[in-house]
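# Summary of the model geometry
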Amino acid sequence: MYSLTEENYLKALFNLADKKGGVNVKGLSKHLDIKMSTVTSMMKRLADKDLVNYESYQPLHLTEKGKKEAGLIIRKHRLTEMYLVEKMGFGWEQVHEIAEQVEHIQSTPFFDKMDTLLEFPKIDPHGSPIPDKNGRVVLKEYKRLCDCKAGETMKLCAVINSSSDFLKFLTNRELHLGSKIKIHSIEPFDKTMVVSYGKRNESLSQTACERLLVDKVSK
């Protein structure tokens, strides 16, 4: 059993980890909007519980135990988001704050039942992978839409930024996971993309395209 605060730190460390699995105290402090001294104190506490490898002035790394615990918290969060969308009719822009509260419920059967009712989904409503019962995450390699070329047709698989404002932006343009996006042209000056999907034609800014993760359309 861990406190709500400890769980939030574990989740932040998991999400912020670079390719080598490290996070620095300054970056974690900025992300959580908490003083560095407070973050350092918590890292020592988590290290005492064998959840984090902590050394002064060195990158922070979750231990194997820490990765598992963080993965399980994220599993609860993403299952909750999926349940809210699929079974309760919430919009994908509405579910994050609710899931932030539900993820701290300490009941494995509760979330296992949720998983069963959803027929064991692999991704959440935003395309992020749902960790398995051991906290393991299978990541998929996607491209950002901004890195694609004119003439390509790509399928929207996930979003990098799942803020409410950005998701509302996508909803208002009827752009959702699974949409097949045809790239017609790219403006050289500001990288705006002229695209079509479904029955819509849109111009998407570089800022939007950087946040859309896509894959090639299967033939």
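Note that the coordinates shown come from a computational prediction; the quantities given were computed from them, not determined experimentally.

Conventions adopted
Residues numbered from 1 in each chain as written. Predicted model: local features only at pLDDT ≥ 70, side-chain atom pairs only at ≥ 80, totals over all residues. Heavy atoms only, no water. Salt bridge = Lys/Arg side-chain N within 4 Å of Asp/Glu carboxyl O. Buried < 20%, exposed > 50% of the residue type's maximum accessible area, 1.4 Å probe, protein only. Pairing = 2+ DSSP bridges. Helix = DSSP H or I, 4+ residues; strand = E, 2+ residues; numbered from the N terminus. Core = buried A, V, L, I, M, F, W, Y, C linked by side-chain atoms within 4.5 Å. Contact = heavy atoms within 4.5 Å. Axes fitted to C-alpha atoms, helices over the stretch in contact; angles between N-to-C directions.

### Comments concerning the pattern of salt bridges
Applying the stated criterion to the full structure yields 12 salt bridges. Across the salt bridge formed by Glu202 and Arg200, the nearest N and O atoms sit 2.6 Å from each other. Given the relative accessible area of 15%, Glu202 is considered buried. A relative accessible area of 24% places Arg200 in the partly exposed class. Beyond isolated ion pairs, a larger network of salt bridges with shared partners links Glu6, Arg45 and Lys49.

### As for the sheet that holds strand 2 (residues 52-53)
Strand order in the open sheet made by the three strands is 1-3-2, with antiparallel pairing throughout. Bordering the open sheet on either side are strand 1 (22-23) and strand 2, each of which pairs with just one other strand. Summarising the sheet, strand 1 and strand 3 (residues 60-62) pair through two bridges and their orientation is antiparallel. Across the sheet, Gly22 pairs through a bridge with His61, a residue of strand 3.

### Comments concerning the nonpolar core
Judged by nonpolar contacts, the single largest core of 20 residues is most densely connected at Leu145, Leu175 and Leu212. Going through the elements one at a time, strand 5 (153-159), helix 7 (164-172), strand 6 (180-186), strand 7 (193-197), helix 8 (206-209) and strand 9 (212-216) are the ones with two or more residues in this core. Counting residues in hydrophobic clusters, the runner-up holds 18 residues, among them Tyr9, Val25, Leu28 and Ala70.

### Focus on unusual backbone geometry
Here the phi dihedral of Tyr57 falls at roughly 65°; this positive angle occurs in a residue that is not glycine. For Tyr57, the location among the structural elements is in the loop between strand 2 and strand 3. Look at Lys191: it is not a glycine, yet its phi comes out positive at around 65°. Mapping Lys191 onto the fold places it in the loop between strand 6 and strand 7. A residue is classified by how much of its surface remains accessible, and Lys191, at 42% relative accessible area, is partly exposed.

### Some details on the sheet that holds strand 9
The sheet built from six strands is open, its strands ordered 4-9-5-6-7-8 with antiparallel pairing. At either end of the open sheet lies a strand with only one pairing partner, and these are strand 4 (143-144) and strand 8 (200-204). Pairing of strand 5 with strand 6 involves three bridges; the strand directions are antiparallel. If you follow Thr153 over to strand 6, its bridge partner there is Lys182. Sheet strands in contact with helix 7 are strand 5, strand 8 and strand 9, and its direction is about 145° off that of strand 5.

As far as function goes, none of this settles anything; it's purely spatial.
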